[in-house]
Amino acid sequence: MVTLRSIVLLGLAALLAVAGAGCGQTDDAPDTIRLVAWKFNNPGLWRRLANRFEQAHPPLKVALEIGPHSSTAYHDLLSQKLKNRSSEVDVFLMDVVWPPEFASAGWALPLDQVMGPERQKIFIPAALQAATWQGQVYAAPLYLNAGVLYYRRDLLEAHGLPVPQTWPQLVSQAKQITARQKSGLAGYSGQFKQYEGLVCNMLELVWAAGGHVLGPQGKRCLLGEPPALKAVRFARDALIGGVAPRGVLAYQEPESLSLFAQGGAVFLRNWFYAWPILNDPQRSKVAGQVGLAPLPRFPDGQSASCLGGWLVGISAYSSKPDKALELVNFLTSEAAQRSLALEEGVAPARRALYQDPAVLKAHPHFARLLPILNQARTRPRTPLYPAVSQVMQGYFHRAISKTDSDLPALAEGAAQDVDRLLGLAGGN
Amino acid sequence: MAGLAPRRGERLLAWGLLLPCLAAVCAFAFWPIVYSFVLSLHRIVLSLPGLGEPFVGLENYAQLLGEPTARASAATTLIFVAVSTLLEVGLGTLMALALDKSFRGRGLVRAAVLVPWAIPTVVASQMWRFILNDRYGLLNWLVFGDQVGAYRAWLAEPGWALAAVIGADVWKTSAFAALIVLAGLQTIPRELNEAAALDGAGPWQRFRHLTLPLVLPALAVALVFRTMDAFRVFDLVFVMTQGGPADATNVLQFYGYKKMFAEGFLGYGSAVSVMVFVMVLAVSLIYLRLVGRRLLRGDAR
């Protein structure tokens, strides 16, 4: 016979079980380092690296949590954990745009003591700059990415054209080639959907025109200034309204890449990661016919790539920062970065590896990536970068998706929004 | 009737069974709502702990009302709710009327109609993204065939993108409205229809004067459910457009999500969700006053 008491107790027990599940069980074993990573293209990567670390550093163990693939979604997950001062994070992967935010929020531990001046020289300057906030280093660079121009070597050769050095040159070449080729061939492909990738594509144009997002000391937003306006107008009229299919307004990396890989475009702006894919005959119809070059500039400007990539940081709430540091040092060691380069084909953050014979033998194109990385630029550096990026995403997409958009007014509105955010952050 | 009054033990049992449930509802439904409201009265910026978490009263709401993006999001949300709800209940009613007839394979058709509703929204949204792709999408191929030059980038144009998100929602949830209306139709005794037919009423007359009044309560329920659900649209937008192009599909829920989780404005983001909550509540109350009380009781004449 079921008694009243047992029923009530059962109900309460069920409730407690539900409530308890939210708290999770923290496996706070002293030798376990918790690594929270984003989902790499090749998902086994983090476990393989962790295994090697465990072999080299007994009795330390690595507990791995893999978040979403998208940087934005992974940011949501990681910042939730850190906001709650979760003990489930010791070491985490950090996108190159996060250190100001993570440092300002007090989530990332300063690493300057272990990243002294002589160690800093080891890394590509832009990557180190990305890891630094207000004179302190908050992360060690792991591997990098930057925007590059992929072009159809065969098509340029067939038309007797050189690799374009400037954006207007690229547009006129694209027009010349598409006019004489089968219909359906697009001139240009890139990432222009309203998301973070749009900011990278647009900033590369703004920088190439001599513009900036923020003025000196990050004080004032300069998106309404003539060089930035010129770049946005070019994107609207010459790229989106000209040689690129309108569909690019909804493209992220995979869509833009597949258009080019299917032989549907003359030029493609994408990250380093596209090179091995474009040259794999299984995945690309244009394998062996692709060239890689720095992004074009404007006649009176300089080529500039947007820096992407990942850094490794330590949580300020870690109960074992010393052990966490061992993992950070291992992940960013020369040996680990060499194997990352050799096995995964990603571009290391250590400069020396670009002269490494084994790496160059496996990936001859790395020699061409170093100068591009040396000219790569970081996106605006502020603790409110995610909010600044949202403003820019909305502005850029509005500006380029309507042919009759009132650019100066839109830019002024966006600049005011950014200025307001900078004011909130104290104009750092 | 005194004999039917519950004995003390039974009353205790009732409370014993209810309490855990009540506690759970308070902990997981009421408290988050109250807490969101409390948060919305503070300025909380995750990446700027130096600012503290000052109480700012209704400042977040004032900012929300003055922000052009927020106002545009509210307008987009209302368009989405109105259009998708009307289409879903309308289409759902047509589907229900068809399914109410007996024909060979009716069971199969009923199950098939429910398939879109059963597919997880994230999967369905991804599927629509492929269908609407400008180069390889099915829709362009169906509309334009080999005229590759005429292919449209549906998700890249503000008007079409909103239409696409609404279309995906209608495709997905009309079956749910149909299910509710069908349940209402099945409670109508067959004899009524047969008697009306014998009296010489044509199909339209029978629908207008017999079926429609009797199925109105079910229609009202479908309308309420769909409206409240439409206000909460999120996953479709998240997968299909991320709020773009040019913020054309940036519904309030997604706007608030971005403010809160991507940008770390906890107070402001909470104000957005409280606004959505208030809107849903207001709409539900209006429904209840206008149609609900009379119809839900079932004396719809």
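Note that this is a predicted model, so its numbers are computed, not measured.

K.L.:
Is there a simple way to explain the domain arrangement of chain A in this structure?
P.N.:
Many analyses report the size of an interface as the accessible area lost when the parts associate. All names here are of chain A. Along its sequence, chain A is organised into domain 1 (4-138 + 307-374) and domain 2 (148-304 + 380-424). Computed from C-alpha atoms alone, the centre-to-centre distance between domain 1 and domain 2 is 30 Å. On the domain 2 side, the residues contacting the 17 residues of domain 1 number 12 residues. Between domain 1 and domain 2, roughly 1400 Å² of surface is buried when both sides are summed, and carbon and sulfur atoms account for 70% of that area.

K.L.:
What should I look at first to understand helix α18 (residues 407-424) of chain A in this one?
P.N.:
Think of an α-helix as 3.6 residues a turn; residues three or four steps apart then line up on the same face. All names here are of chain A. Here α18 spans 26 Å end to end across 18 residues, near enough to the 26 Å set by a 1.5 Å rise per residue. For α18, every residue scored as buried is listed here: L407, A411, A414, A415, V418, L421 and L422. Each buried residue of α18 sits inside an arc of 120° when the element is viewed along its axis, so together they form one side. Residues Q416 and G423 are exposed on α18 and point more than 90 degrees away from its buried face. Check the buried side of α18 and you find it contacts α10 (226-243) and α17 (385-401). Once α18 ends, the next one or two residues include G426, with phi positive near 80°.

K.L.:
Any chance you could explain helix α9 (residues 203-231) of chain B here in plain terms?
P.N.:
With 29 residues, α9 of chain B extends only 36 Å from end C-alpha to end C-alpha; this falls clearly short of the ideal 42 Å at 1.5 Å per step. Restricting attention to buried positions, one finds in α9 of chain B the residues L210, T211, V215, P217, A218, L219, A220, A222, R226, T227, A230 and F231 of chain B.

K.L.:
I would appreciate a short explanation of the environment of V96 of chain A in the present structure.
P.N.:
All names here are of chain A. The residue V96 is located in the loop between β3 (91-95) and α4 (99-104) in this model. Classification of V96 by relative accessible area gives buried; the value is 4%. A sequence separation of 298 residues divides V96 from G394, and the C-alpha atoms of the two residues are 22 Å apart. Excluding anything up to four places from it in sequence, V96 contacts A130, L307, G308, G309, W310, L311 and R379.

K.L.:
Can you help me understand the environment of A124 of chain B in this one?
P.N.:
Residue and element names in this part refer to chain B. The topology assignment puts A124 in helix α5 (residues 121-131). Residue class for A124 comes out buried when judged on its relative accessible area of 1%. In contact with A124, other than residues within four places in its own chain, are I119, W171 and K172.

K.L.:
How should the confidence of the model for chain A be read in this particular structure?
P.N.:
The predicted model of chain A averages 91 in pLDDT, with 93% of residues at 70 or higher. In the model, residues 20-26 of chain A has pLDDT below 50 throughout and makes three contacts with residues more than four positions away in sequence or in other chains.

K.L.:
Explain the pairing of strand β6 (residues 140-152) of chain A here, please?
P.N.:
In summary, the side chains of a regular strand alternate between the two faces of the sheet. All names here are of chain A. Burial within β6 is extensive, with 13 of its 13 residues counted as buried. Pairing of β6 with strand β10 (residues 305-314), which is carried by six bridges, proceeds in the antiparallel orientation. The residue bridging N145 from the neighbouring strand is G308, located in β10. Here β6 runs beside strand β11 (residues 347-348); their pairing, made up of two bridges, is antiparallel. Counted as the bridge partner of L144 is A347 from β11. Summarising the sheet, β6 and strand β8 (residues 265-271) pair through five bridges and their orientation is antiparallel. Within β8, the residue paired with Y151 across the bridge is F267.

Calculation criteria
- Residues numbered from 1 in each chain as written.
- Chains lettered and ligands numbered in written order.
- Predicted model: local features only at pLDDT ≥ 70, side-chain atom pairs only at ≥ 80, totals over all residues.
- Heavy atoms only, no water.
- Domains from an automatic or database assignment.
- Contact = heavy atoms within 4.5 Å.
- Buried area = accessible area lost by both parts, 1.4 Å probe.
- Helix = DSSP H or I, 4+ residues; strand = E, 2+ residues; numbered from the N terminus.
- Expected span 1.5 Å × (residues − 1).
- Buried < 20%, exposed > 50% of the residue type's maximum accessible area, 1.4 Å probe, protein only.
- Arc of directions from axis to C-beta.
- pLDDT = per-residue confidence, 0-100.
- Pairing = 2+ DSSP bridges.

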